[in-house]
Amino acid sequence: MTTAATLSIVIVNYNAQEHLENCLESLTSSPPAVPHDIIVVDNASTDGSVKAVRACWPGITLIENASNTGFAAGNNAGIRASDGMLILLLNNDTIVPAGAIDALVGRLLAHPDAAVAGPRLVDETGRAELSFGPMISPLNELRQKLTMKLHDLGVSRWVERATRRERYVDWISGACLLVRRADAEQVGLLDERYFLYTEDVDFCAAIRGLGRQVLFTPAAEVVHLRGRSRSAAPQAMNAAYRRSHVAFYDKHHPRWAPLLRLYLRMKGQLPR
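All of these numbers come straight from a predicted model, not from anything done at the bench.

The rules behind these values
- Residues numbered from 1 in each chain as written.
- Predicted model: local features only at pLDDT ≥ 70, side-chain atom pairs only at ≥ 80, totals over all residues.
- Heavy atoms only, no water.
- Salt bridge = Lys/Arg side-chain N within 4 Å of Asp/Glu carboxyl O.
- Buried < 20%, exposed > 50% of the residue type's maximum accessible area, 1.4 Å probe, protein only.
- Helix = DSSP H or I, 4+ residues; strand = E, 2+ residues; numbered from the N terminus.
- Lys, Arg positive; Asp, Glu negative; His and termini not counted.
- Polar contact = N/O pair within 3.5 Å; in protein donor to acceptor, adjacent residues only side chain to side chain.
- Core = buried A, V, L, I, M, F, W, Y, C linked by side-chain atoms within 4.5 Å.
- Contact = heavy atoms within 4.5 Å.

Colleague: Quick one: what's the story with the pattern of salt bridges, residue by residue and with numbers?
Modeller: Within this structure, the stated rule accounts for 13 salt bridges. Between Asp123 and Arg127 there is a salt bridge, with the nearest N and O atoms lying 3.6 Å from each other. Classification of Arg127 as partly exposed rests on a relative accessible area of 32%. Two residues, Asp202 and Lys251, come together in a salt bridge whose shortest N-O distance is 2.9 Å. Residue Asp202 is found in helix α8 (residues 199-208), and its partner Lys251 is found in helix α10 (residues 234-252); the two are separated by 49 residues along the sequence. By relative accessible area, Asp202 is classed as buried at 3%. Through salt bridges with shared partners, a single ionic network connects Asp191, Arg193, Asp202 and Lys251.

Colleague: How would you summarise the side chain of Glu141 if you had to cite specific residues and measurements?
Modeller: Along the chain, the position of Glu141 falls in helix α5 (residues 138-152). Here Glu141 occupies a buried position and makes no salt bridge, while the nearest side chain of opposite charge, Lys145, is found at 4.0 Å. Within the structure, Glu141 has its side chain in polar contact with the side chain of His245 (distance 3.0 Å).

Colleague: Help me get a handle on the nonpolar core, residues and values and all.
Modeller: One broad rule of soluble globular proteins: the nonpolar side chains tend to lie buried together. Val116, Ile172, Leu177 and Val179 are the most contacted members of the largest nonpolar core, which totals 46 residues. Broken down by element, this core gets its largest block of residues, 6 residues, from α10. Apart from residues no more than four positions distant in its own chain, Leu177 is found in contact with Ile87, Leu88, Leu89, Val116, Ala117, Ile172, Asp200, Phe203 and Cys204. Counting 31 residues, the second-largest nonpolar core is a separate cluster that includes Val53, Ile101, Val105 and Ala220.

Read these as layout, nothing more, since geometry by itself doesn't imply function.
This is the structure:
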C-alpha cells in the first residue's frame, strides 16, 4: 500500500471476475492524477478473481476474506486497511473514464461542508441512472420506483434532466461514493447489519446526522452496469435486498416496519 495516498479506492468483489478485471483495467489504464491506492476486498470468490488480481495487478492491495461477509463489512475491511484522507467506495461493475475520479475529488474539495460526493452514473448506452434521492420512506420509495419505471420505459426525460444539475441530496449510490475519512470514521463506517443494499442510504443518513452534506455532481460521470450481478443470482440477491429493507425500516422507521413485514409475508417474500 502506498502510504502517501491521498485517495484510497476500495472495491468489494464476490464471484465477478470479468467485472472486476474491467473495472481495474479502467482505473489503471487511465489512472487518477490524485495520489491513490487501490484495495480489493474479495469475499471468498471461487471464480478465479483472486488469481487474476495477483497475476495482473500485483501492486494492488488484496484482502482475502474466508467467507462472504457482505458489502458493508467488506467495504469496512477495505477502509480499515487503507490510509487515504479520501475514500472512494467503488462497485466492481463500474467502468471509470479518464478524469472522472479527479473531477469527483475536485468537486468534493470545493465544498468544505460536504462529506460525501457521488457522480452521475450511466449505463453502457449513456442513459442516466437515478443514483440519488430523498431519504427512504414509504412515499419516497414509491416515487423513486415510479420515476425509474417511467424512465426505463422511455416515457420520461426527468431523470436525464435531474442528473445534469449539481445539488445537495439525502443520499447517493454506493456504486461510486467518495467520502472524507474523518467523517466516515466519525459515524463508525458502514452499518454491517446490511449485508447488501441500502447501506449507502443509511451511511449518508449518518453523515447528515453530523450536520454534513451529501453532494451529487454531474461533473464526473461513471459507467455502472447496474443489475448484472443481480441477474446472475436473482433469488439470493432478492432475499438480501428484503433483509436489508426490513433492517432499514427497523432502524429508521420502526412504526412502519410491522406493516412492511406484513406486506412481504402476504407476498411470500418475508426473509428468514
